[in-house]
Amino acid sequence: MLLLTPGPVQTDPRTRAAMAVDIAPWDMEFRAEYAAIRETVTAIAGGVPGVHATLPLQGAGHFIMEAAIRTFVPEGGAYLVPMNGTYAGRIERLGREAGRRPIPVSVPDTRGVTAAEAEAALAAHPEASHWVMVYSETGTGIVNDPAAIGPVVRAAGRRMILDAVSAFGALPFTLSEHPEVDAVAFTSNKCLEGMPGIGFAVCPVDRVRERAGKANSWSFDLGDVLLHAERAGWGSYRFTPPVQALHAFGVAMGLYEAEGGQPARLARYRENLRILIEGATALGLEPYLDAEHQGPIIATFRQPPGFDLQGFVDALKRRGVLISNFYTTEQPTIRIGCIGAVTPDQMRGAVVAMGEALAELGVRRAA
Ligand SMILES: *Cc1c(COP(=O)(O)O)cnc(C)c1O
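This one's a predicted model, so the numbers in the text were calculated from it and none came from an experiment.

Reading the values: the criteria
- Counting from 1, residues in each chain are numbered in the order their sequence is written.
- For this predicted model, a pLDDT threshold of at least 70 governs which residues receive local features, and a threshold of 80 or more governs which side-chain atom pairs are given and counted, while totals over whole chains, interfaces and linings are taken from all residues.
- Hydrogens and water molecules were not included; the side-chain quantities draw on all heavy atoms of the structure.
- Only runs of H or I of at least four residues qualify as helices and only runs of E of at least two qualify as strands under DSSP, and these elements are numbered from the N terminus.
- For this measure, only C-alpha atoms enter the radius of gyration; the expected value for a globule follows 2.2 Å times N^0.38, where N is the number of residues.
- Exposure categories follow from relative accessible area, calculated using a 1.4 Å probe and restricted to protein chains: below 20% of the type maximum is buried, above 50% is exposed, and the middle band is partly exposed.
- Contact definition: two residues touch when any of their heavy atoms are within 4.5 Å.
- Method for areas: the Shrake-Rupley scheme with a 1.4 Å probe, in which residue coverage is limited to the protein chains shown.
- In this analysis the probe radius is 1.4 Å and the grid spacing 1 Å, with only protein atoms considered; a cavity is a set of points the probe fits into but cannot get out of, a pocket is an open set with protein on both sides within 12 Å along at least five of seven lines, and lining residues have an atom within 4 Å of a point.
- Grid points are joined across faces, edges and corners, and a volume is the space filled by probe spheres set on the points.
- For two strands to be treated as a pair, DSSP must find at least two bridges joining them.
- To get an axis, a line is fitted to the C-alpha atoms, and for a helix only the part in contact is used. The angle between two axes follows their N-to-C directions and goes from 0 to 180 degrees.
- In this description, a nonpolar core means a group of buried Ala, Val, Leu, Ile, Met, Phe, Trp, Tyr and Cys residues linked to one another through side-chain atoms lying within 4.5 Å.
- When a carboxyl oxygen of Asp or Glu is within 4 Å of a side-chain nitrogen of Lys or Arg, the pair counts as a salt bridge.

1. Some remarks on the overall build of the protein chain
- The number of helices and strands found in the protein chain is twelve helices and eleven strands.
- Its C-alpha radius of gyration of 21 Å places the protein chain within 12% of the 21 Å reference for a compact globule of 367 residues.
- Structurally, the protein chain occupies a C-alpha span of about 65 × 55 × 35 Å along its principal axes.
- By the burial criterion, 56% of the 367 residues in the protein chain qualify as buried.
- By sequence separation, contacts in the protein chain at least 24 residues apart represent 72% of the contacts at least 6 residues apart.
- Here the protein chain displays about 14,500 Å² of accessible surface, and carbon together with sulfur accounts for 55% of that area.

Below is the structure:
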C-alpha cells in the first residue's frame, strides 16, 4: 500500500524493519544511540551544541506542542496564534485547556499570515508573551514562513513557538538564525520519515532552564526533560520511551543524510507535488489553493459537486493508494500528501489510479 497521507507517512522498508528487535532503553549501547540521535536532530535544526538542546517526548505531535506551550508560556499568560487552519485550532485548544490564554489572529485558510498582520496583532496585544505558529498547515497546504514572521516577533520583543511538525526536515529552518524562537517542535514521523511515536522540541538551553518546573505538569515539562538529561545523561529517558520507534528513527536519519538532507528532501517533495497538481488538474480536479500559496507538503483539491469522498478513497485503496477520508478545510476537499518515502514515479502511478477511481465513480472531467 502506498500512503499519501500527511502523517503517518510512507516509510522506507529499512526503517520499518528496524522495529523488529527487543531493546532495553537503559542499555548502554542504546543510550549511546539515543544521545547521538539528539545531537543529529540539533544539527538538522541548525542549533548550536551547548546552546541549543533536543528535548524529546513520547507521543503524538500534539503532545510536544502542549509541552512547549506549557513550558514557555506562563500559566495564565497569553499568546497569539494565526488561525489559518485546523492545526492552529489545536494550538488554541490545547493552550486554553492548559490554563494559558490563546488570542486567535484571524487569517483565511487559503494563505500564510503576512508580516503586516503579525505586526498589527503583536502591537494590539502587548499582554501576549508568545507568537505560536504552524509552519506548514497540514489541513490545507499553506505555509506560514518563519523567515518572514520571525523578525517581526523579534522586533516586538516577543518569543516564538513554531509548530514545524509537517515542515521540519523539508522546509528550511536554522534555529541559530532565530534568536526569538523558544522551541521548534516536530515528530519522528512526517518529513523525517520515521515511525510515529516521538516528539522533539529543539530549544535554547538557557531559556529551558529558566522555565523548568513552571509547566504545571511533570509529564509535559521540557525543563524537567533537560534537567534529567543533565543529571542522568543525554542517553537517558525519564519514562519508558517507544524504543523501537527511536531505533528506527536512527535508521531514518541515516537515510535522510544519505539522500542529501533538507534540500534533497524538499526537491523530491516538490517534484511529487508538481506531478500531483498537474495530473489532478488534467483529471478535472481544481486545487483549493492558488499556486502562489501552495506549500510542498500536501495538496488539497475541491470536491466535485455531489462527490462521494469515502467511495473515492475506497476505489483508490483497491488500486493500492491510501489517502485521507476526511478534510479539514473550510470547503469540502480531497487531501493528498506529497511527503514520506514516496518517489515521483510512485506519484505518477497514484495519479493514474486517481483517474481510474474517478472514472469508476462516474465523475466527469470538467469541461
Ligand atoms: C501532524 C501534525 C501535528 C501533530 O499531530 P498528532 O496527530 O498529534 O501527531 C501537529 N501540527 C501539525 C502542523 C501537523 O501536521
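2. Let's talk about empty space enclosed by the protein
- All chains considered together, the criterion is met by one cavity of 30 Å³ or more.
- The volume enclosed by the largest cavity comes to roughly 70 Å³.
- Around the largest cavity sit Tyr34, Arg38, Pro56, Leu57, Gln58, Val225, His228, Ser236, Tyr237, Arg238 and Phe239, which together line it.
- Here the element with the most residues in the lining of the largest cavity is strand β2 (residues 52-58); it accounts for three residues.

3. With respect to the sheet that holds strand β6 (residues 159-163)
- Spatially, the seven strands line up as an open sheet ordered β2-β8-β7-β6-β5-β3-β4, and their pairing is mixed. Strand pairing shows two members of the sheet lacking a second neighbour, β2 and β4 (101-105), which therefore form its edges. Sheet twist, expressed as the average angle between the axes of neighbouring strands with direction ignored, equals 20 degrees.
- In the sheet, β2 pairs with strand β8 (residues 198-204) via seven bridges, with the strands oriented antiparallel. Note on β8: the bridge partner recorded for Thr54 is Val202.
- Lying over the sheet, helix α6 (residues 146-155) contacts β5 (128-134) and β6, oriented at roughly 155 degrees with respect to β6.

4. Some points on the nonpolar core
- In this structure, Val41, Leu80, Trp131, Phe168, Val184 and Phe186 are the most contacted members of the largest nonpolar core, which totals 48 residues.
- It is helix α9 (residues 243-259) that provides the largest number of residues to this core, a total of seven residues.
- Leave out the neighbours within four places in its chain, and Phe168 touches Val41, Ile44, Ala45, Val184, Phe186, Cys191 and Leu192.
- Judged by nonpolar contacts, the second largest core, of 29 residues, contains Ala53, Phe72, Ala185 and Val225.

5. A short note on the pattern of salt bridges
- This structure, assessed with the given rule, holds 23 salt bridges.
- Ionic pairing is found between Asp12 and Arg14, a salt bridge with its closest N-O pair at 2.9 Å.
- In this structure Asp12 comes out as buried when scored by relative accessible area, which is 17%.
- Owing to a relative accessible area of 53%, Arg14 belongs among the exposed residues under this scheme.
- A salt bridge links Glu271 to Arg348; its shortest N-O distance comes to 3.9 Å. Here Arg348 lies in helix α12 (residues 344-360) and Glu271 lies in helix α10 (residues 261-282), a separation of 77 residues in the sequence.
- Assessed through its relative accessible area of 25%, Glu271 is described here as partly exposed.
- Given the relative accessible area of 38%, Arg348 is considered partly exposed.
- Overlapping salt bridges, with partners in common, bring together Glu271, Arg274, Glu278, Asp345 and Arg348 in one network.

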